[in-house]
Amino acid sequence: MREDPKAVYSDIFDLPRHVSEKHPHMSLYDRSAQFAPFAALTGYDDMVEEEARLTSTEKTLTDSEKDILSAVLNDLSQQILEGRHPQVRVTFFVPDKKKSGGEYTVHTGVLKSVDSYTRRLVFYAENGISDGFSVDIEKMTDIREL
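Below is a summary of the structure that appears in this document. (Residues numbered from 1 in each chain as written. Predicted model: local features only at pLDDT ≥ 70, side-chain atom pairs only at ≥ 80, totals over all residues. Heavy atoms only, no water.)

1. Quick look at the pattern of salt bridges
Using the criterion set out here, one finds seven salt bridges in the structure. One salt bridge in this structure joins R53 and E50, with 2.5 Å as the shortest N-O distance. According to the relative accessible area criterion, R53 is partly exposed, its value standing at 33%. Ionic pairing is found between D142 and R144, a salt bridge with its closest N-O pair at 2.8 Å. Under the relative-accessibility criterion, D142 is labelled partly exposed at 23%. Through salt bridges with shared partners, a single ionic network connects E50, R53 and D96. (Salt bridge = Lys/Arg side-chain N within 4 Å of Asp/Glu carboxyl O. Buried < 20%, exposed > 50% of the residue type's maximum accessible area, 1.4 Å probe, protein only.)

Here it is as structure tokens:
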């Protein structure tokens with residue numbers, strides 16, 4: 001049989017509570033924070049959300065689709081050489097940085113140049129002067145003059 005705790009600790013029951021001169025009294029809020037739940041699964045929800053995010057596969061254009069795009073780009077290049085800068089809407093593929101696949105995006109803007117060296121479409125920035133957004137011609141699936 002166990003001994004009675006009151007009898008075992010009777011010599012310390014009536015002693016005054018120790019108060020440290022070195023460490024200030026901790027508030028109940030700070031004491032409770034010590035026992036807050038441990039977040040062992042930090043980032044798990046983000047990982048599940050990332051895994052559930054869907055991506056598309058990049059479409060391979062047929063030769064006739066490539067020919068159509070090439071003809072449109074040649075026409076746009078000619079307009080730019082003549083001093084006109086048409087507003088166009090281009091659809092292109094953006095590869096995903098975290099997983100295979102990506103998504104198709106549409107950009108609308110005023111075309112500044114068709115750079116045949118870097119194979120990019122360059123749009124005017126919002127200020128209408130400097131280079132803004134650019135699109136890789138190889139990732140384009142559609143371009144339309146507005």
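2. As for a nonpolar patch on the surface
A surface patch of nonpolar side chains, amounting to about 510 Å² of accessible area, comprises V8, Y9, I12, F13 and L15. You can see F13 is positioned in the loop between α1 (5-8) and α2 (28-33). (Patch = residues over 30% accessible without salt bridge, like charges linked within 9 Å, V, L, I, M, F, W, Y side chains within 5 Å. Areas by Shrake-Rupley, 256 points an atom, 1.4 Å probe, with all protein chains shown as cover. Helix = DSSP H or I, 4+ residues; strand = E, 2+ residues; numbered from the N terminus.)

3. Let's talk about the nonpolar core
V90, L111, L121, F123, V135, M140 and I143 are the most contacted members of the largest nonpolar core, which has 15 residues in total. Counting residues per element, the ones that place at least two in this core are α4 (63-81), β1 (87-95), β3 (120-124) and β5 (140-145). Residue contributions to this core peak at four residues, all from α4. Those residues in contact with I143, other than ones at most four positions away along the chain, are L69, V72, L73, L76, V88, R89, V90 and L121. (Core = buried A, V, L, I, M, F, W, Y, C linked by side-chain atoms within 4.5 Å. Contact = heavy atoms within 4.5 Å.)

4. So, the pairing of β3
Judged from the four bridges that link them, strand β2 (residues 102-115) and β3 form a sheet pairing that is antiparallel. Bridge pairing links S113 to V122 in β3. What sits between β2 and β3 in their antiparallel hairpin is a turn of four residues, with R119 showing a positive phi close to 60°. Here β3 pairs with strand β4 (residues 131-136) via four bridges, running antiparallel. Paired with L121 across the bridge in β4 is V135. (Pairing = 2+ DSSP bridges.)

5. Some thoughts on the packing of aromatic side chains
For the coordinates displayed, the defined rule picks out three aromatic pairs. Aromatic pair F92 and F133: ring centres 5.9 Å apart, planes at 50°, arrangement tilted. One end of the pair, F92, is in strand β1; the other, F133, is in strand β4, with 41 residues separating them in the sequence. What makes F92 buried here is its relative accessible area of 7%. Aromatic ring contacts, followed pair by pair, group F92, F123 and F133 into a single cluster. (Phe/Tyr/Trp six-rings, centres within 6.5 Å; stacked < 30°, edge-to-face > 60°.)

6. A word on α4
Look at α4: 27 Å from first C-alpha to last across 19 residues, which is about the 27 Å you get at 1.5 Å a residue. Those residues of α4 that fall on the buried side of the exposure criterion are L69, L73, L76, Q79 and I80. Along the long axis of α4, the arc covered by the buried residues comes to 115°, so they all point the same way. Turned more than 90 degrees away from the buried face of α4, the exposed residues are D63, D67, N74 and L81. (Expected span 1.5 Å × (residues − 1). Arc of directions from axis to C-beta.)

7. Description of the sheet that holds β3
Strand order in this open sheet of five strands is β4-β3-β2-β1-β5, and the pairing throughout is antiparallel. Only two strands of the sheet have a single neighbouring strand rather than two, namely β4 and β5. Pairs of neighbouring strands in the sheet enclose a mean axial angle of 40°, with direction left out of account. α4 rests against β1, β2, β3 and β5 of the sheet, and its axis sits at about 45° to β5. (Axes fitted to C-alpha atoms, helices over the stretch in contact; angles between N-to-C directions.)

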